[in-house]
Amino acid sequence: VEAIQGTGSSALQFDFLSKFFTIAWELDAPKQVEEALWKMLCGSPFTETESAWNFRAQYRFRKGPHLKARAEDGGAGTAPEVPRTDQPSNALQHAVQTYKKAIAAVPTPHMLAQAVAFYTELLQDKAYHEIANDVILEIDSLYSRAAETSTMCEATWEGSVAFKRARGKLEEAVQQAEQATKALPSSVLLWLQRIGLHLEDWAYNGAKSTCPTSCSTFTAQAAALEALHHLRWPESMPVWRQAVVACSSGYGQDSSPIVALLMKKLLVPPGDSRDRADHVAAGEEIACALLKETLLKKGVEAMREISKQLLSTPTLLLKIVLCYAELEFGCASTEVEGLNAARGVVETAIQDHGSSSPELWIQLVRIELRLGNISSIGNLHWRACKQLREPFMSEFIT
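Residues numbered from 1 in each chain as written. Predicted model: local features only at pLDDT ≥ 70, side-chain atom pairs only at ≥ 80, totals over all residues. Heavy atoms only, no water.

1. Side note on the overall build of the protein chain
Applicable threshold: A run of DSSP states H or I qualifies as a helix once it reaches four residues; a run of E qualifies as a strand once it reaches two. Both are numbered from the N-terminal end. For the exposure calls, accessible area comes from a 1.4 Å probe over protein chains only, and a residue counts as buried if that area is under 20% of its type's maximum, exposed if over 50%, partly exposed in between. For this analysis, residues touch if any pair of their heavy atoms sits within 4.5 Å. Each accessible area is a Shrake-Rupley estimate made with a 1.4 Å probe; only the visible protein chains count as cover when residues are assessed.
The number of helices and strands found in the protein chain is 20 helices and 0 strands. Within the protein chain, the fraction of its 398 residues that count as buried is 43%. Within the protein chain, residue pairs in contact and separated by at least 24 positions form 62% of the contacts whose partners lie at least 6 positions apart. When the accessible surface of the protein chain is split by element, carbon and sulfur atoms take 54% of a total near 20,400 Å².

2. Observations regarding the packing of helix H16 (residues 318-331) against helix H17 (residues 336-353)
Two packed helices can be described by the angle between their axes and the distance between those axes. Counted only if it meets this: Here an axis means a line fitted to C-alpha atoms, over the contact stretch when the element is a helix, while the angle between two N-to-C directions is reported on a 0 to 180 degree scale. An angle counts as roughly parallel when it lies under 35 degrees, as roughly antiparallel when it exceeds 145, as roughly perpendicular when it falls between 65 and 115, and as oblique in every other case. Crossings are sorted by hand: turned counterclockwise from the far helix by less than a right angle, the near helix makes the crossing left-handed, and turned clockwise it makes it right-handed. Each residue is assigned to one of three groups, with Ala, Val, Leu, Ile, Met, Phe, Trp, Tyr, Cys and Pro labelled nonpolar, Asp, Glu, Lys and Arg labelled charged, and all others, Gly among them, labelled polar.
Contact pair H16 / H17: the axes reach a minimum separation of 9 Å and the direction vectors enclose 160 degrees. By the angle between their directions, the pair H16 and H17 is classed as roughly antiparallel. The hand of the H16/H17 crossing is left-handed. Counting all contacts with H16, which are made through Leu318, Val321, Tyr324, Ala325, Glu328 and Phe329, the residues of H17 involved are Gly338, Leu339, Ala341, Ala342, Val345, Val346, Ala349 and His353. A breakdown of the residues in the contact of H16 with H17 according to their chemical character gives 11 nonpolar, 2 polar and 1 charged.

3. Quick word on the packing of aromatic side chains
Convention followed: Only the six-membered ring of Trp is used, alongside the rings of Phe and Tyr, when aromatic pairs are assigned; centres must lie within 6.5 Å, and planes under 30 degrees apart are stacked while those over 60 apart are edge-to-face, with the rest tilted. Remark: a charge is flagged as sitting over a ring if the NZ atom of Lys or the CZ atom of Arg is within 6 Å of the ring centre and within 35 degrees of the ring normal.
Considering all chains together, one arrives at 4 aromatic pairs under this definition. Taking the centre distance of 5.7 Å and the plane angle of 50 degrees together, the rings of phenylalanine 118 and tyrosine 119 count as tilted. Both residues of the pair, phenylalanine 118 and tyrosine 119, belong to the buried class. For the ring pair tyrosine 143 and phenylalanine 163, a centre distance of 6.3 Å and an interplane angle of 50 degrees mean the geometry is tilted. Pair noted here: tyrosine 143 is in helix H7 (residues 132-147) and phenylalanine 163 is in helix H8 (residues 154-166), with a separation of 20 residues, a long-range link. For the pair shown, tyrosine 143 and phenylalanine 163 are each scored as buried. If you follow arginine 366 out to its NZ or CZ, it ends over the ring of phenylalanine 329, 4.0 Å from the centre.

4. Here's the deal with helix H14 (residues 276-298)
Rules: The length a helix should cover is 1.5 Å for every residue beyond the first.
The end-to-end C-alpha distance of H14, which contains 23 residues, comes to 32 Å, matching closely the 33 Å that a straight helix rising 1.5 Å per residue would cover. What H14 keeps buried is the set His279, Val280, Ala282, Gly283, Glu284, Ile286, Ala287, Cys288, Leu290, Leu291 and Thr294. On its buried face, H14 is in contact with helix H12 (237-248), helix H13 (256-267), helix H15 (300-310) and H16. Following H14 by one or two positions, glycine 299 adopts a phi angle in the positive range, close to 105 degrees.

5. Notes on empty space enclosed by the protein
To locate leftover empty space, one rolls a probe as large as a water molecule over the atoms. Using the following cut-off: Residues are said to line a cavity or pocket when one of their atoms sits within 4 Å of a point; the points come from a 1 Å grid over protein atoms alone, cavities being sets where a 1.4 Å probe fits but cannot get out and pockets being open sets with protein on both sides within 12 Å along at least five of seven lines. Grid points are joined across faces, edges and corners, and a volume is the space filled by probe spheres set on the points.
For the structure on display, the rule yields 1 cavity of 30 Å³ or more. For the largest cavity, the calculated volume is near 50 Å³. Elements with a contribution of two residues or more to the lining of the largest cavity: H7 and H8. Here the lining of the largest cavity gets 3 residues from one element, more than from any other, and that element is H7. Of the residues in the lining of the largest cavity, the class split is 3 nonpolar, no polar and 5 charged.

6. A closer look at the environment of leucine 371
With respect to the secondary-structure elements, leucine 371 resides in helix H18 (residues 358-371). Among the residues examined, leucine 371 registers a relative accessible area of 21% and is labelled partly exposed. Between the alpha carbons of leucine 371 and glutamate 335 there is a distance of 9.4 Å; along the sequence they are 36 residues apart. The contacts of leucine 371, once residues within four sequence positions are left out, are Val336, Leu339, Asn340 and Arg343.

7. Concerning the pattern of salt bridges
Pairing between side chains becomes possible if they bear opposite charge and their charged atoms approach one another. Applied cut-off: The salt bridge criterion pairs a side-chain nitrogen of Lys or Arg with a carboxyl oxygen of Asp or Glu, the two atoms within 4 Å.
Considering all chains together, one arrives at 13 salt bridges under this definition. One salt bridge connects lysine 297 with glutamate 293, and the closest N-O pair in it is separated by 3.2 Å. With lysine 297 and glutamate 293 both in helix H14 and 4 residues apart, this pair spans about one turn of that helix. According to the relative accessible area criterion, glutamate 293 is partly exposed, its value standing at 24%. Across the pair glutamate 368 and arginine 343 runs a salt bridge, and its minimum N-O distance is 3.2 Å.

8. Description of the state of the cysteines
Applied cut-off: When two cysteine sulfur atoms lie within 2.5 Å, the pair is treated as a disulfide.
Applying the stated criterion across every chain, the model contains 0 disulfides. You can see cysteine 288 has no disulfide; the closest cysteine sulfur is in cysteine 323, sitting 3.8 Å from it. Judged by relative accessible area, which is 12%, cysteine 288 ranks as buried.

Okay, here's the thing in structure tokens:
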């Protein structure tokens, strides 16, 4: 006691006392010594600390069913297991009650995380397989109770959703994810988890359906739209990428809402935006990914519909033009209509970017060759050399 009182801070006192108590218990110290130490652990100044509550809960469990080897020589140099004085299920209830008191006394995410970590450790220990179902129910109950309070943080919300998904309860995981994003609408991590679950549901169930309203990609797109209204750029970029997957998947999926938001937030940001160039560059990346994914999963007609929206900006964006033209060129070997449309878009883009983009001129030459307009190549070469400035003209010639 004198040593403990002389160690300074309560954290150091608790560390010293808990270690001493563990040694005394493992060495079968006299009961009165164990009780005296336990009384100290449960008293001031440790009553309201997370580490003390965690220690008490785990001790309450281990005191019953824990496989505690004692230093008794069994004749072959081994320490035999101690016969259990309590059933694991009863011991679990002791720990459960202690953790309930702990979270009520110290309602913090870290206290909740410690309880979950202890229960998860039990699940991974084969010695306690007989109480696995009880442990699972208690983790579920623990998360449910915490969700009704302010005990949950981003990590614990994510853990609660992942726990349900790992147990094969996809529908409940989706519901928990929805609750999580409502509680923490600025969390990119939780939005990604929620949208991912909707897409996973589509992969397993929605893809078998021919009814648009039954597709989880509609829910995924709705979740992505909701997320993008809450999140700021550039933190929202991972969600934009997931939105592309949601839009390009599913039966009859309408990509217009996402494209409209993309046009508003990234491709045509406010003129006084200080990072306008970064917004546009990010928007071009997302737009090109959307065109490619749509062509891959829905076909050329769906891709063309989206391209009409993306190419409706006052000034055509170079990367989107090049991406669209390349996709048309790659899939329209016999479709004159598609190649003519691509040629028209490239010609329009040349009005804005023709002096600095040799790629546009090269793409136009390729389209004319594919269409069989060999006689026009010389004129295109002359136009390009006249309009391109250095060093872009040299790039075009070489």
